[in-house]
Amino acid sequence: MLVVDGAAPGTARAQTVSVAIKNFSFQPSSLTVPIGSTVTWTNQDSVEHTSTSDTGAWDSGGIAPGQSFQHTFTAAGTFTYHCMIHPFMHGTIVVGAAVPSSMPAHPIVQATPTVVPVGGTTLVQGSGFTSTNWAFVFWQRPDRTAHGVWVFTSSTGTFALRLGFSPRHGTGSEFITAFDFATRTWAPFAVVAVTAAVPQVATLSAAPNPVVNGGISSIVGRGFAPNTLVIVQWRRPDATAGAITIFADNSGSFAFTLLADPRHGCGPRTFVAFDPSIGLQTAPYTLFVSC
Ligand SMILES: [Cu+2]
């Protein structure tokens, strides 16, 4: 019988383990225990026996019927022993540092990144949970409201969940944890700092600038919402206006070439770009057309 003492979880738990000396044998004849464990041999036969280390590490001397002997194993290793009176009686104690396999790893949650502007997301990853089982992911937002979802863990006891930060829950600390349903253990909190939204800056540029009248310049826009339509408008030296609608790519950028039409004269052409999806407008940008 294994009796687990009250050692703190998270360390290799020392045990008190019993070996019966019975029918001229050690039962069980082989045992594996963590470092620091104490083995108690109890003589249940009607004749005297001993527990004697093969290497001299311990020797009980004669153990009378009904009596016991204890030895504490403070180093890792494999220790064989025998009975001095009956040399055919053999036993083995294997002392290891490992935590007993029945003891679960401590569950943890991590958030990546841990500083996120409002409107952004973080990846919540759990590990050390009971495999293929339920975990409850729970978070408290900066405005003290809370929410949670059940997730099913992988065969290695992990899960992943992407968490978004809505502007309506404000800025501050978001506390994220998860509950292992099988072991009824909470993970320590992961904390995400939810910060004010980073103002998006969209810009226009042109090359070459200045451009000769009748020449071509490349107009580039950057910093728009990805994959949205952008409206570019410009005012010419002769007070007429031009405009195009263009698609910002995956990185929120676009480019087009502009012919500086000689009919509209020389001087500054002033460009503004507008992204209706997020109400974003650039500062005016001036392309000079030289004559
Ligand atoms: Cu014996």
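Data block above holds the structure.
Residues numbered from 1 in each chain as written. Predicted model: local features only at pLDDT ≥ 70, side-chain atom pairs only at ≥ 80, totals over all residues. Heavy atoms only, no water.

Draft legend 1. Geometry of the pattern of salt bridges. Counted under the stated rule, the structure contains one salt bridge. Here D261 makes a salt bridge to R263, at a shortest N to O gap of 2.6 Å. Owing to a relative accessible area of 15%, D261 belongs among the buried residues under this scheme. (Salt bridge = Lys/Arg side-chain N within 4 Å of Asp/Glu carboxyl O. Buried < 20%, exposed > 50% of the residue type's maximum accessible area, 1.4 Å probe, protein only.)

Draft legend 2. Examining the coordination of the copper ion more closely. The protein atoms that coordinate the copper ion are H49 (ND1), C83 (SG) and H86 (ND1), at distances spanning 1.8 to 2.2 Å. A relative accessible area of 0% places C83 in the buried class. (Donors = N, O, S within 2.8 Å, 3.2 Å for Na, K, Ca; no water.)

Draft legend 3. Representation of the state of the cysteines. Evaluation of the coordinates by the stated rule reveals one disulfide. Across the disulfide from C266 sits C291; the S-S distance is 1.0 Å. Here the S-S torsion is close to -40°, and the disulfide linking C266 with C291 is therefore left-handed. You can see C266 sitting in the loop between β24 (254-259) and β25 (267-275) and its partner C291 sitting in the segment after β27 (285-290), a full 25 residues away along the chain. Since its relative accessible area comes to 33%, C266 is described here as partly exposed. Judged by its relative accessible area of 73%, C291 falls in the exposed class. (Disulfide = S-S within 2.5 Å. Helix = DSSP H or I, 4+ residues; strand = E, 2+ residues; numbered from the N terminus.)

Draft legend 4. Main features of unusual backbone geometry. With an omega of -5°, the peptide bond between T112 and P113 qualifies as cis. If you trace the backbone, P113 turns up in the loop between β10 (108-112) and β11 (115-117). At N23, a residue that is not glycine, the phi angle is positive and equals roughly 55°. Accessibility expressed as a relative area gives 56% for N23, which makes it exposed. Phi is positive for A239, which is not a glycine, with a value near 75°. On the secondary structure map, A239 appears in the loop between β22 (229-235) and β23 (241-247). Of the residues examined, A239 reaches a relative accessible area of 53% and is grouped as exposed.

Draft legend 5. Representation of the side chain of D180. You can see D180 is positioned in strand β16 (residues 172-180). Engagement of the side chain of D180 in a polar contact is seen with the backbone nitrogen of T130, the distance being 2.6 Å. Those residues in contact with D180 that sit more than four places away from it in its chain are F129, T130, W134 and T185. (Polar contact = N/O pair within 3.5 Å; in protein donor to acceptor, adjacent residues only side chain to side chain. Contact = heavy atoms within 4.5 Å.)

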